[in-house]
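Okay, here's what each chain looks like letter by letter:
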Amino acid sequence: MVAPLKFLSSVAEAQLWQKLTDKILHDVLSAMRDMEDAGIFAVHVGVNFAQADLEHPHLVNRILWALDQYDLHPNRLSIEVLANVAVQDAASPVRHSVNSLAKLGCNVDLDDFGTAQNPCDSLCQLDINRMKIDRSFIFDIDRDPKK
């Protein structure tokens, strides 16, 4: 058994983000196709993408190819992006990937919002469908006047 942080650190050290992401993406989309063929319909599925994934120049094409391979529309995939990764300057490859995927029809979910500083003006520049607020952001909201 390997702890998640140790595993992810090893993946980063070995520069295997692209392979891991492709494996997860294909397994998830394959499962969606199998479920749909069996009469079980999931509206969409979320897949987490790391900064290294989002910076890769061919990510959008890899995702489109995978969706096409399993005959799934882009709106069936939610791209989950950590809030601290999404908040980058306008010229960043991350912002380009996120906005390109959103324009193609993929959903974009902002994950772990509230765990770090997230300038709202930067967030407004992203085409986000849903924001997943971390519980630490709202924990004790009824008792803590700052929240």
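This text goes with the structure placed above it.
Residues numbered from 1 in each chain as written. Predicted model: local features only at pLDDT ≥ 70, side-chain atom pairs only at ≥ 80, totals over all residues. Heavy atoms only, no water.

(A) Local environment of the layout of surface pockets. For the largest pocket, the calculated volume is near 260 Å³. Together, 15 residues line the largest pocket, and Leu 8, Trp 17, Asn 48, Phe 49 and Ala 50 are the ones closest to its centre. Put simply, the parts of the chain that give the lining of the largest pocket at least two residues each are helix H2 (17-37), strand E1 (45-49), helix H3 (51-55) and strand E2 (77-82). By residue number, the principal contributor to the lining of the largest pocket is H2, which donates four residues. The residue makeup of the lining of the largest pocket, split by class, is ten nonpolar, three polar and two charged. (1 Å grid on protein atoms, 1.4 Å probe; cavity = no way out; pocket = protein on both sides within 12 Å on 5 of 7 lines; lining within 4 Å. Points joined across faces, edges and corners; volume = space filled by probe spheres on them. Helix = DSSP H or I, 4+ residues; strand = E, 2+ residues; numbered from the N terminus. Nonpolar A, V, L, I, M, F, W, Y, C, P; charged D, E, K, R; others polar.)

(B) Molecular detail of unusual backbone geometry. Although it is not a glycine, Gln 15 sits at a positive phi angle of roughly 55°. Assessed through its relative accessible area of 71%, Gln 15 is described here as exposed. Of note in the backbone geometry, Asp 71 takes a positive phi value of approximately 55° without being a glycine. Along the chain, the position of Asp 71 falls in the loop between helix H4 (59-69) and E2. (Buried < 20%, exposed > 50% of the residue type's maximum accessible area, 1.4 Å probe, protein only.)

(C) Seen up close, the nonpolar core. Grouped together as the largest cluster of nonpolar side chains are 23 residues, with contacts concentrated most on Leu 25, Leu 29, Phe 49, Leu 54, Ile 63, Leu 77 and Ile 79. In terms of residues, this core owes the most to one element, H4, which gives five residues. Excluding residues within four positions of it along the chain, Ile 79 makes contact with Val 47, Phe 49, Leu 54, Ile 63, Leu 101, Cys 106, Asn 107, Val 108 and Asp 109. (Core = buried A, V, L, I, M, F, W, Y, C linked by side-chain atoms within 4.5 Å. Contact = heavy atoms within 4.5 Å.)

(D) Structural detail: a nonpolar patch on the surface. Residues Met 131, Ile 133, Phe 137, Ile 138 and Ile 141 make up a contiguous nonpolar surface patch of roughly 440 Å² in combined accessible area. Position of Phe 137 among the secondary structure elements: in helix H8 (residues 135-138). (Patch = residues over 30% accessible without salt bridge, like charges linked within 9 Å, V, L, I, M, F, W, Y side chains within 5 Å. Areas by Shrake-Rupley, 256 points an atom, 1.4 Å probe, with all protein chains shown as cover. Salt bridge = Lys/Arg side-chain N within 4 Å of Asp/Glu carboxyl O.)

(E) Molecular detail of the pattern of salt bridges. Tallied over the full model, the rule gives seven salt bridges. With a shortest N-O distance of 3.4 Å, Glu 36 and Arg 33 are connected by a salt bridge. With Glu 36 and Arg 33 both in helix H2, this residue pair falls three residues apart, about one helical turn. A single salt-bridge network, built from bridges that share partners, covers Arg 33, Glu 36, Asp 37 and Arg 76.

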